[in-house]
Amino acid sequence: MSHHESNAVAAPAGAVLEVSGLTVGFRQGSALRTVVRDVSFSLRRGELLALVGESGSGKSVTALAVMGLLPEGIAAVSGGSVRFAGQDLGSLSPEERRRLRGRRLSMIFQEPMTALNPVMTIGQQLAETLLAHGQCGRREARARAVRLLEEVGIPAAATRLRDYPHQLSGGQRQRVMIAMALACRPELLIADEPTTALDVTVQAQIMELLNRLRRQLGTAVLFITHNLALVREQADRVAVMVSGQLVETAPAAELFRRPCHPYTRLLLRSVPSAAGRHAALAAIDAPRPGVSPHPAACAFATRCPFVQDTCLTEPPGDQTPAPDHHVRCRRPSMFDVALAADGASEEPPPAVGDGPRAVLEARGLQVWFPRRAGLFGRRRAPVRAVDGVDLTLRAGETLALVGESGCGKTTVGKALVRLLRPTGGSVRLGDGTELTRLDEHALRPLRRRIQMIFQDPFSSLDPRLMAGESLLEGLDAQRIGTPAERRAVVEALLGDVGLPPEAAGRYPHQFSGGQRQRLGLARALAVAPDIIVCDECTSALDVSVQAQMLNLLRRLQRRLGLAYLFITHDLSVVSYFADRVAVMYLGRIVEEGPAAEVLAHPAHPYTRALLAAAPRLDGESRRGPVLQGDLPSPGCPPDGCRFHPRCPLAADECRLREPPRRPLAPAHWAACHRATSPDAEGNFPSRLDNRATRD
Amino acid sequence: MLIYLLRRLAYVIPTLIGVNLLVFALFFLVNTPDDMAREALGDKASSPEQLAHWKASRGYDLPLLWNGGAAGAAKVTRTVLWTKSLSLLWGDLGRSDMTRELIGPALRERVVPSLCVSLPVFLATLLLNIVLAMQSARRRGGAFDMNVQLLCVLLMSVSSLIYIIAGQYAFAKVMRLTPVSGFQPGRDMALFLALPVVTGVVSSLGGGVRLYRTLFLEEMGRDYVRTARAKGLSEARILYVHVLRNALIPIVTNVPLQLLMLMTGNMLLENFFSIPGLGGYTIGALRSQDFAVVRTMVFLGSVLYMLGMLLSDICYCLADPRVRLGGGARP
Amino acid sequence: MTLAEALGSWTGQNLLTLALAALAVWGGWRCSRREHWRLAWRQLRRRRAAMASLVILSGYLLVALLDSVGWRSPAVSPDTGEPLRRPDTGEVVLDGGRSALDHLLSGLRRRRERSYSAPLADTGLAMTRMGEGGRGRVAVPEPLRFPGAHPLGTDRVGEDVLYQALKSIRTGMVIGVLTTLLAVPLALLLGILSGYFGGWVDDLLQYVCIVLSSIPTILFIAAFMLVFGQGLPQLCLAMGIASWTGLYRLLRGETLRLREADYIQAAIGLGVPHWRILLRHIVPNVMHLVLITAILRFSSEVLAEAALTYLGIGVGADTYSWGSMINDARTELTREPLVWWKLTAAFAFMLGLVLPANLLGDAVRDALDPRLRTE
C-alpha cells in the first residue's frame, strides 16, 4: 500500500467519514484473498453518497468494514484507515467500536424480512437500542419508541409496539429498521440496498422517508445500491466500484453528465430505456481468460475495451477532470474518447398490430388456490391469485406483463405453461388447441410449443447435471431426432447463446449467473418453441449482464420469430424491450396497450402510480404522489374496483361496481371508471396530475 | 390456533387405532395364541388339553376376529381382537400372562422409581447440553470448542453398557462411594440414584451437545444477529437474549414429549441398577415371554408419544409468536 | 430349498456377499464419474482424520468380508485325523462349512483352554468349587495348554478372546450394513414419492410413518424380537423397519423443496415423464443426504446392537457379538482376580469401529452438505 497517501482524496473540512486506502481480505484456507483494494472516499454531514457497483464488487464488504462488522475470523481489514468524525476507528477497542455502533453510526440492510428478530416485539427491539446506549431509562424508552415509530410513519404506533415483525408488511418492517437505526440520532447511516427487496411503490415510500429524515436530522448516508436510476434521483455524490476498487467518484449530476471511467460509461449504456429501443445495449464482457494482471493494477483491465499494456502492469493513475470528480484510469482524458457504437441501431421490428397471427390466447384465465381449513375449520375463501385474465400473444412480438410482487403475474405464466392447472377459463394455442382440458399425457407433445425461463440463475439448472445433459433433456423427452442429431443440436444451441461447445461438459457451478440464464434459455429453445414465457429472467442479473441477455433475447426473436411473454416488475426493461404491455393488479389486468403508448400516456391510476414511483435514469422527474399502503391480500380482494382502497381518484362508483374495459386508443384499454381518452396533446386530464407537484 | 390443535387431535385417534391393529397383527396373527401357549408351557410337555387350559385361563380361547357362534354385538366383542387389543383403547390394560396380576396397578407402582432416575438424567442432560453447546458455539473454532467437539465424538462412540459397567466398577466397587445397585425410597434415595444418574447423563451427552451447538451456530448466522450487532448491543445480550430466545424454541417445545417418554423408563439403567421401574418391568416381561405385558407397554408407549406430540404442539404454538398470532408458517 | 435355507447355505451367502460387493463397486464407479462426488472426495482426502478412519474401516470391512464367504471342507475324525467317509457309500463327509476368516484363524480357534487366562499369560485360572455346599468359586492357577498363545487371553470356557472379538466384527458390520440396506431404499422410495406426488399417496405414507414412529424404537424392537425370536436377520429387519421413518421425513421435506426448484419445473414444462424426473433430478439431488444419514447411523446401530443383545432382544447368545461379550464380561468383573480382558477387548474393538465411523460421517457431511457444516 505504498501509494495510498498520494491517492487519498483530500478530506474536506467537517467530513463525517473518511475512508482512505481501505483494503479488506477474506481468508481462504491459509491465503488471504483481497476483495476490497485501496478504497478511499469521504462523506460530509447530511450528504448522500451512493456506492454503486455490480454484485461481488465489494460494496457491502466496504460498508461492513466501516461498521466493524466483518465476519470474525473470515475477513479482516489488512490496510488503510477509516476515520469517523476525526477519530481513527482502527485504533479503538472492540468495546469502544460497539458503543459507537447504533449510536453514532448505524446500518440498515436489504432483507427486512429476516433482519428483525422474529420472536421479539418491535417495541422491545426498538427500546433495547435506546437502552444499550443509555439514551434513556426503561420507563421512558416506551414513549421514545412510540415517537420513533410515528416518525417513520407507522400508523397507530402505540398499539404496534406489541406486534412481532411477521405481523408487519415488508415496507413497514423496513420502516422499523430505519426507526431503530436512527433511534440515537447517528451522524452516519449506512443503507445497504435497503429497497432492493421491495416493490417499486414501496421503494418510493421508503426513499421519501429516508430523505425526509436525512434532512431533518442532518445524517450523512452511505447508500449502497446497484440501481443507477435510483442513484441519479437520490444521490448527492456517487462512487463507482468494480471488482473491489473504486474507479470513479463525482457529484451525481456531473457523473451522469460526463461519466469518465470506461466502466462507468459502459454501465450507463447498459441500462435499458425507451430512447435506446432499437439499439443493442452495451454489454460488459466477462474477464478475458489467460490474463493475470498485477494485483494493484486496474481491476477493470481484463474486461476493458480500451485496455493498454500498462493497465495490466501498473496501478491506475488518478485524474481529476473537474473539481471533486476523481477517476482512476491510466488512459488520459478518457472522457474525450467516444465509445465505439458497438450496438449499431438495428432495423426496427416489424410493426405489430393485428397483423401477425395469434400464437396463444387466454380467455378468462383463473387460478384459485384452495385454502386448507382442516377437518373442523370453516370453509375459507380460496386465494384468487389470477382472476379472469385475457391475453393474446402474436408471433414475433413481446408482451410484457407488469405488476408488483403478489399480483399474480408469475401464476399467469405458470398456468399458461401448465405448470399449474388453471381453475377456469381457456388457453388456446394458435391452431385452436385448447390446453386447459388436456390431461398430462395428451399435453406432453404440445408442451414443446410453449416454454418458460426462470428468474433465479442458481436454481434454473440441475446442479448435478452437465450443461449438455440439461440441454438434451427436452430433446429426449419430446423424442426429437436421433442421438447424433441431438448432440449437433446441443452444440448449435450453445453457439446461439454465445457459449463454446466445451461448455456442454461443464457443471452449472462453473458458469456465471448470466451464462446460467443463457443456458436456461438454450434449454427452452432446444425443443423449438413458438412461445417463451420469461419470468423475471433478468431481474437477478447485474445490469450489464442483463443487457447481454436482453440483446440475446432480441436477436433470437428476430431470427426465430419467437413470441415472448415477458413477466417483469422493471419498467425500464419494459420500455426498452416490449412491444405491448399489460399491467396487472391483484389477479386482474387493469390496462393493456402498445408499450410506447401506455408508458407515455398511462390511463389507469395504478399504471400512473407505478410509473411515478419508478426512478428514471434520464433524470426526467415526472413524479406523481407516492402510492400509499400495501397490496391487499388476494384472499379477500376488495369489492368493486380492486384498486379503489389505494386509488387517489376513487369515487363511490369504484367501491361498488367493477370497472369495465374502456378503449382509449387503438389496442389500448384500461379497466377504470375514471379513465378518459387523451386530449389533443396526448395527456389525460385528471386530478392526479394536478397534485403532481409535491414537496 | 384452536382449529390447529383440533386438527392435531384428529390425527391422534386414527394413529392409535393403527398402532393397536399393528400390535394385534404382530402378537396374534404372526404369533398365534397356540404358539404363545406352547412357548409358555415349554415345547415338550404340553398336551392339547394343557394348551387349551392355558389359553382358556387367559382368555385367548376366543376367535381372533369374528365370533360366529355368538349373538348380536357379541359377534364382535367376544373376540381376541376386542378383548385383548381394542380394549387397550379404552384403558383396559388386562392381566399379565405369567403372574396373572393386573397390569394397571403394577405400572402405577413402578412409574415413580422410573421417574426418579430418568427425570434427573433428563434435566441434567438438558442443562449441560445447553450450557456446553452455548459456550462451544460462542468460541467456535477455538481450543475450548475443539476439545468439546472431540470429547463429544468420543462420548458418542462408546456403548452405554461400558459407561454403566465402568461406573459401577469404579465408583461402587473400588471407591465404594455408592451402592452397586438397588433402590430405596426415602433418605438414602439420593445415594442410590447418584450413579445411575451420572452414567445416564454421560452416555447421552455427546450427541446432545453436538446437536445443540449446530442449532446455536445456525441461529448465530442469521440476519437479525447482524442487525443486533449493528445496533451496538453487547455480545452477551446478543447471545443470551436474541440467539437463545430463538434457539430455545425448538428445544423447549420438545420437552413435554420427552418428559412423557421418560415414563416408559430406561431399560438399561433400571436393569443394571436393579431399580424397580417400568423399564425393568418390561425387561422382566421380555425375558419371561410375557406377551400381555409387552403388548401393553408398546401400546402405552405410543399413547404417551402421541400425547407428548400434542403437548409439544401446544407449547410450540405458545412459544413462537409466528404460530401463536398466525400469519407465519412453521419454519 | 426355501429362500431362508438358500441364504443360510454357504453358496447363497457367498453369492449375496459378492452381490453386495459388486453393488458397492458399481455405486462407487458411478459416483466417481460425477463432478460433485469427485469434488467431495477431494475435500475428504485433505482431512487426515477422515482418511485414517477410512483405512481402519476398510480393515474392518475386509475382516467382515472374509468372514462372510466360506466353504465346506471334508470333516476330519477327531480321533484319527483321517477324513470321515460315509459307511455305506464311502463318500467324503463335509462339515458345516467355515468362513475364510475361520480358516485363517484356525490356530486361534483350535487353541482352547479349560478356562480363564490373562493376555499372553503362561498360566491360566481354573474355577474350582470350594467350601461348604460348593457355593463359593475360587480361581486356582493352572498351567495352560498353549502358554503365551492368547494375545487377549481366554474366557470362562477357555475360548480365545481375540478370536471372539474378530468374529464379532462381522455381526457389527452386518447390522450396520443390512439395516441401512433395508431402511435406506425404503425411505428413499417412499420419501420421494410422498414429497413429489403429494395428495393421497402422501397422506397414506405419512400415516404409516406416524404409526410406526409413535412406537418407541426400543419397545418396537422388543415386541418384534419377542414374536420372531432372537437372531441376526430378525434384528436387522426389526431395526430396519424401526429406523426408516426419520430419513423418510427428511427426504420428503427435501423433495417438497426440490419440486419447486426451477429446473424441475423446467423439466415438467419440457414434458419429461415423472419417473424420469424422479430418477434424473430428485434422486441425485438427495443422494448426499442419504449417504450422510447412512454413515452417521451406521455407528449408532452398532452401538444399539450391544445394548439390545444385553437386554435379551438382540442377536442371541449363540452369535458372536460385542454385545454378548460385554454381557458375559459383566459378571466377570466381580471375580477375584479381576477378569478385565474380555470387556476391554469388546470395548476396544467396538470403539475401533464406531469412532472412525463417526469421524468419517462428520467429514462426509462437511464435504457434501455445506449447509450442515459444523465449522
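Everything below is about the structure shown above.
Residues numbered from 1 in each chain as written. Chains lettered and ligands numbered in written order. Predicted model: local features only at pLDDT ≥ 70, side-chain atom pairs only at ≥ 80, totals over all residues. Heavy atoms only, no water.

Engineer: I would appreciate a short explanation of a nonpolar patch on the surface in the present structure.
Structural biologist: Residues and elements named next belong to chain C. Where nonpolar side chains cluster on the molecular surface, the patch consists of Leu16, Leu20, Leu23, Trp26, Trp29, Val177, Leu178 and Leu181 and spans about 710 Å² of accessible area. Contributing elements (two or more residues each) for the nonpolar patch: helix H2 (10-32) and helix H7 (161-197). Turning to its location among the elements, Leu20 is positioned in helix H2. (Patch = residues over 30% accessible without salt bridge, like charges linked within 9 Å, V, L, I, M, F, W, Y side chains within 5 Å. Areas by Shrake-Rupley, 256 points an atom, 1.4 Å probe, with all protein chains shown as cover. Salt bridge = Lys/Arg side-chain N within 4 Å of Asp/Glu carboxyl O. Helix = DSSP H or I, 4+ residues; strand = E, 2+ residues; numbered from the N terminus.)

Engineer: Help me understand unusual backbone geometry in this model?
Structural biologist: All names here are of chain A. At Ala85, a position not held by glycine, the phi torsion is positive, near 50°. Looking at the element boundaries, Ala85 is found in the loop between strand S4 (75-84) and strand S5 (87-88). Given the relative accessible area of 40%, Ala85 is considered partly exposed. In this structure, Arg185 takes a positive phi of about 55° despite not being glycine. Relative to the helices and strands, Arg185 resides in the loop between helix H7 (170-181) and strand S7 (188-192). For Arg185, a relative accessible area of 37% puts it in the partly exposed group. (Buried < 20%, exposed > 50% of the residue type's maximum accessible area, 1.4 Å probe, protein only.)

Engineer: What am I meant to see in the interface of chain A and chain C here?
Structural biologist: Quite often, the size of an interface is put as the accessible area lost when its parts meet. Between chain A and chain C, the contact holds 27 residues from the first and 23 residues from the second. Carbon and sulfur atoms make up 50% of the area that chain A and chain C hide from each other, which totals about 2,400 Å². Taken together, the connections running from chain A to chain C amount to 17 residue pairs in polar contact (both at pLDDT 80 or more). Among the elements that make up the side of chain A that touches chain C, the one with the highest residue count is helix H15 (residues 467-477) of chain A (five residues). Each residue belonging to the side of chain A that touches chain C can be placed in one class, and the counts come to nine nonpolar, seven polar and 11 charged. (Contact = heavy atoms within 4.5 Å. Buried area = accessible area lost by both parts, 1.4 Å probe. Polar contact = N/O pair within 3.5 Å; in protein donor to acceptor, adjacent residues only side chain to side chain. Nonpolar A, V, L, I, M, F, W, Y, C, P; charged D, E, K, R; others polar.)

Engineer: Got a minute to help me understand helix H17 (residues 513-525) of chain A in this structure?
Structural biologist: In an α-helix, one turn spans 3.6 residues, which is why side chains three or four residues apart end up on the same side. Across its 13 residues, H17 of chain A extends 19 Å between first and last C-alpha, which sits within 8% of the 18 Å expected from 1.5 Å per residue. For H17 of chain A, the tally of buried residues reaches 12 of 13 residues, placing the bulk of the element in the interior. Buried within H17 of chain A are the following residues: Gly513, Gly514, Arg516, Gln517, Arg518, Leu519, Gly520, Leu521, Ala522, Arg523, Ala524 and Leu525 of chain A. Turning to H17 of chain A, the residues buried within the fold contact strand S17 (450-453), H15, helix H16 (483-496), strand S18 (531-535) and helix H18 (543-560) of chain A together with helix H11 (262-269) of chain C. (Expected span 1.5 Å × (residues − 1).)

Engineer: What's the story with the interface of chain C and chain B in this structure? I'm lost.
Structural biologist: Contacts between the two partners involve 42 residues from chain C and, on the opposite side, 45 residues from chain B. One can count one salt bridge joining chain C with chain B. Among the ionic pairs, Arg210 of chain B bridges to Asp362 of chain C, the shortest N-O distance being 2.7 Å. Here chain C is connected to chain B by seven residue pairs in polar contact (both at pLDDT 80 or more). Only helix H8 (199-214), helix H9 (217-228), helix H12 (274-311), helix H13 (322-332) and helix H14 (341-368) of chain C provide two or more residues apiece to the side of chain C that touches chain B. Examining the composition of the side of chain C that touches chain B, we find that 10 residues originate from one element, H14 of chain C, more than from any other. Its residues placed into classes, the side of chain C that touches chain B shows 31 nonpolar, six polar and five charged.

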